Amino acid sequence: RRSLLHYVEVLLEAYSALYVLHLDLGYNVFNRSAMLKATYSRLREDLNTLFHARHRNPMWKDDLVGHLWKIEDSPERRFHAHLLLIYDGTTAEHHQEDANRLQQRWIEEITHQEGALYARREDQKPVWIPENKGYLITRHDETQIHQLKEYLDYLVQVDKLFGLETLPQARVFGKGNTPRKRTT
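J.: In this structure, what is going on with the environment of Leu83? I would like to understand it.
T.: Relative to the assigned elements, Leu83 resides in strand S3 (residues 78-88). With 15 residues separating them in the primary sequence, Leu83 and Leu68 have C-alpha atoms 5.8 Å apart. Not counting residues within four places of it along the chain, the set of residues in contact with Leu83 comprises Leu21, His22, Leu23, Leu25, Leu50, Phe51, Leu68 and Trp69.

Here you go:
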């Protein structure tokens with residue numbers, strides 16, 4: 001938790017605003033074959049494929065300043081990942097369609113029609129950072145920063161880690177590197 005909070009604080013020191021895109025990536029729950037293959041190993045491989053093209057894919061652009069991901073397992077969805085992509089907030093308008101592009105890439109190219117993006121149903125309690133949408137956070141807006149930190153607290157809840165069927169030393173969480181000091 002401390003590491004995550006520090007990561008966000010350093011990003012907010014380096015950039016006047018952050019544009020956070022939250023994706024909840026998984027597999028099609030209506031496709032039995034896809035759900036049987038929704039394992040930790042497959043999800044890690046698919047996430048690696050998504051990130052591998054980061055440096056040569058123009059969609060990622062040069063303003064992706066950070067990222068966080070966490071793998072969870074639930075009875076309804078099996079293995080799925082929460083992914084936060086963090087962009088320099090001054091370029092937020094360039095990323096309005098990123099959720100749609102990434103959804104298409106996840107479903108069509110990476111998971112070969114077996115993937116899905118999840119979102120909360122209307123009758124469910126909302127999360128602090130909405131799924132599959134961008135969220136602009138400015139350095140001086142304490143409410144927005146608090147909401148992001150509350151979401152990070154949700155992500156690192158210990159009870160979400162119990163029962164994960166993974167290999168020894170498996171990674172279920174990751175984040176980008178801390179940026180060099182830069183004030184905008």
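That covers the picture; the talk isn't over yet.
J.: Please clarify how the pattern of salt bridges should be interpreted in this entry.
T.: When the charged atoms of two side chains lie near each other, side chains of opposite charge can form a pair. By the definition in use, this model includes 9 salt bridges. The salt bridge involving Glu114 is made with Lys37; its shortest N-O contact spans 2.8 Å. Linking Glu114 in the loop between helix H4 (98-110) and strand S4 (115-117) with Lys37 in the loop between helix H2 (32-36) and helix H3 (40-52), this pair joins segments that are 77 residues apart in sequence. As a salt-bridge pair, Arg101 and Asp98 come within 3.0 Å of each other at their nearest N and O atoms. Pair noted here: Arg101 and Asp98 are both in helix H4, with a separation of 3 residues, about one helical turn. Arg101 gets classed as partly exposed once you look at its relative accessible area, which sits at 37%. The class for Asp98 is buried, based on a relative accessible area of 0%. Via salt bridges that share partners, Lys37, Arg42, Asp46 and Glu114 belong to a single interconnected network.

Definitions and cut-offs
- Residues numbered from 1 in each chain as written.
- Predicted model: local features only at pLDDT ≥ 70, side-chain atom pairs only at ≥ 80, totals over all residues.
- Heavy atoms only, no water.
- Helix = DSSP H or I, 4+ residues; strand = E, 2+ residues; numbered from the N terminus.
- Contact = heavy atoms within 4.5 Å.
- Salt bridge = Lys/Arg side-chain N within 4 Å of Asp/Glu carboxyl O.
- Buried < 20%, exposed > 50% of the residue type's maximum accessible area, 1.4 Å probe, protein only.

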